[in-house]
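Read off the chains here:
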Amino acid sequence: MTVKIEYNKRMKKMWKNFSIGLASLVLLMSCGSKKGQVSSPNAKIKVETGIENGKVFYSVKRDHQEIIAKSFLGFVLKDGDFNQNFKIKNEKQSSFDETWKQPWGEDDEVRNNYNELELTLQEEKGKNRELVVRFRVFDDGVGFRYEFPEQDNLKDFTITDEQTEFNFAEDLNSWSLPYTAEFYEGLYTKKPISKVDTISTPITLEKEGLVVSVHEANLTDYASLNLIGGNGSQLKT
């Protein structure tokens, strides 16, 4: 995958989403000792983040049960890696709660209620470039996105590889479509994560009444998401 980014006075953003809940629902660290975490409004889902050997990671728990184990984030650019030698420059938390009406769907009103953790990362060596990773934690799921702030050392650039990981705590059964599928209405195949090849999203996973779905949203000038399995319980871009 190669994506060229050219700035027009705005940040470049893309969301990765996964949702967690009971089977009856359709669900979508340290820098030194520094560690960040944020929980859902009902405190059932918790995201922890941090830096290990210069690489940023996150993990997700629900009711103290680990769903996503330590998973690393980052990119490879045409001029080199953009996934290591990071420190956490700044950390900011906030909350948001609104209700909006949708023109069609099962519910007339949708509540948009989450707690947010914004991490500003900066390279400790080389060009000292910055990358923002923003996590939003809802009562039924988690979303995170990358933001590339405009800066002198990162203007026009080409992404040659995205290195987002979803390291599930167990080798869960999953339902997915191959990346070559032309329609979402195709035949979904059931396989454990360790047997998954390259697939398009959404991918849905299940274990003991827990359902997890991984998908993407709100892409801005960015390629759509495929995931690669076949390495234990890991999915990665």
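Being a predicted model, the structure only gives us computed values, none of them experimental.

**Q** In this structure, what is going on with the overall build of the protein? I would like to understand it.
**A** Assigned secondary structure in the protein consists of zero helices and 20 strands. Looking at the protein as a whole, 46% of its 237 residues are labelled buried. Total accessible area on the protein is roughly 12,300 Å²; 44% of this is exposed by carbon and sulfur atoms.

**Q** Hey, could you run me through the pattern of salt bridges in this one?
**A** Side chains carrying opposite charge are able to pair once their charged atoms draw close together. Inspection of the entire model under this criterion finds 17 salt bridges. For Arg-62, the salt bridge is made with Asp-63, and the minimal N-O distance between the two is 3.3 Å. The class of Arg-62 is buried, set by a relative accessible area of 15%. Of the charged contacts, one joins Asp-79 and Lys-127 as a salt bridge, the two residues approaching to 2.9 Å between their closest N and O atoms. Linking Asp-79 in the loop between strand 7 (75-77) and strand 8 (80-82) with Lys-127 in the loop between strand 10 (109-123) and strand 11 (130-138), this pair joins segments that are 48 residues apart in sequence. Since its relative accessible area comes to 40%, Lys-127 is described here as partly exposed. Here the salt bridges share partners, and the residues they tie into one network are Lys-92, Glu-116, Glu-118, Arg-134, Arg-136, Arg-145 and Glu-147.

**Q** Help me understand the packing of aromatic side chains in this model?
**A** The way to describe two aromatic rings as a pair is by their centre distance and the angle between their planes. Taken as a whole, this structure holds 13 aromatic pairs when the rule is applied. An angle of 65° between the planes, with centres 4.5 Å apart, marks the rings of Phe-75 and Tyr-146 as edge-to-face. One end of the pair, Phe-75, is in strand 7; the other, Tyr-146, is in strand 12 (residues 141-148), and 71 residues separate them in sequence. With a relative accessible area of 0%, Tyr-146 lands in the buried category. For the pair Phe-144 and Tyr-146, a centre-to-centre distance of 6.3 Å together with 85° between the ring planes defines the contact as edge-to-face. Here the two residues Phe-144 and Tyr-146 agree in accessibility, since each one is buried. Among the aromatic residues, ring-to-ring pairing joins Tyr-58, Phe-75, Phe-82, Phe-86, Phe-135, Phe-144, Tyr-146, Phe-148, Phe-157 and Phe-166 into one connected group. The ring centre of Phe-57 lies 4.9 Å from the NZ or CZ of Lys-70, which sits over that ring.

**Q** What is the right way to look at the confidence of the model for the protein in this model?
**A** Atomic detail in the predicted coordinates should be set aside for any region of low pLDDT. Of all residues in the protein, 86% attain a pLDDT of 70 or more, and the chain-wide mean is 85. Across residues 21-33, where pLDDT falls below 50, the model places 38 contacts with residues more than four positions away in sequence or in other chains.

**Q** Before we go on, may I ask you to explain unusual backbone geometry in this structure?
**A** Most peptide bonds are trans, and most residues other than glycine sit at a negative phi. Omega for the bond connecting Thr-201 with Pro-202 falls within 30 degrees of zero, at 10°, which places this linkage in the cis form. Position of Pro-202 relative to the elements: it lies in strand 17 (residues 198-207). In this structure, Ala-43 is a non-glycine residue whose phi angle is positive, near 70°. Among the structural elements, Ala-43 can be located in the loop between strand 3 (36-39) and strand 4 (45-52). Even without being glycine, Asn-53 reaches a positive phi, approximately 50°. Residue placement: Asn-53 occurs in the loop between strand 4 and strand 5 (55-62). Using a relative accessible area of 74% as the deciding quantity, one classes Asn-53 as exposed.

**Q** Can you walk me through the sheet that holds strand 5 in this structure?
**A** Two pairing modes exist for strands in a sheet, parallel and antiparallel, and in both the strands are linked by backbone hydrogen bonds. Read across the sheet, four strands follow the order 3-4-5-6 without closing on themselves; strand pairing throughout is antiparallel. For this open sheet the edge positions go to strand 3 and strand 6 (65-72), each flanked by a neighbour on one side alone. Across the sheet, the mean angle separating the axes of adjacent strands is 15° when strand polarity is ignored. Where strand 5 and strand 6 come together, five bridges link them in antiparallel fashion. Its bridge partner being in strand 6, Arg-62 is matched across the sheet by Gln-65.

What counts and what doesn't
Residues numbered from 1 in each chain as written. Predicted model: local features only at pLDDT ≥ 70, side-chain atom pairs only at ≥ 80, totals over all residues. Heavy atoms only, no water. Helix = DSSP H or I, 4+ residues; strand = E, 2+ residues; numbered from the N terminus. Buried < 20%, exposed > 50% of the residue type's maximum accessible area, 1.4 Å probe, protein only. Areas by Shrake-Rupley, 256 points an atom, 1.4 Å probe, with all protein chains shown as cover. Salt bridge = Lys/Arg side-chain N within 4 Å of Asp/Glu carboxyl O. Phe/Tyr/Trp six-rings, centres within 6.5 Å; stacked < 30°, edge-to-face > 60°. Lys NZ or Arg CZ within 6 Å of the ring centre and 35° of its normal. pLDDT = per-residue confidence, 0-100. Contact = heavy atoms within 4.5 Å. Pairing = 2+ DSSP bridges. Axes fitted to C-alpha atoms, helices over the stretch in contact; angles between N-to-C directions.

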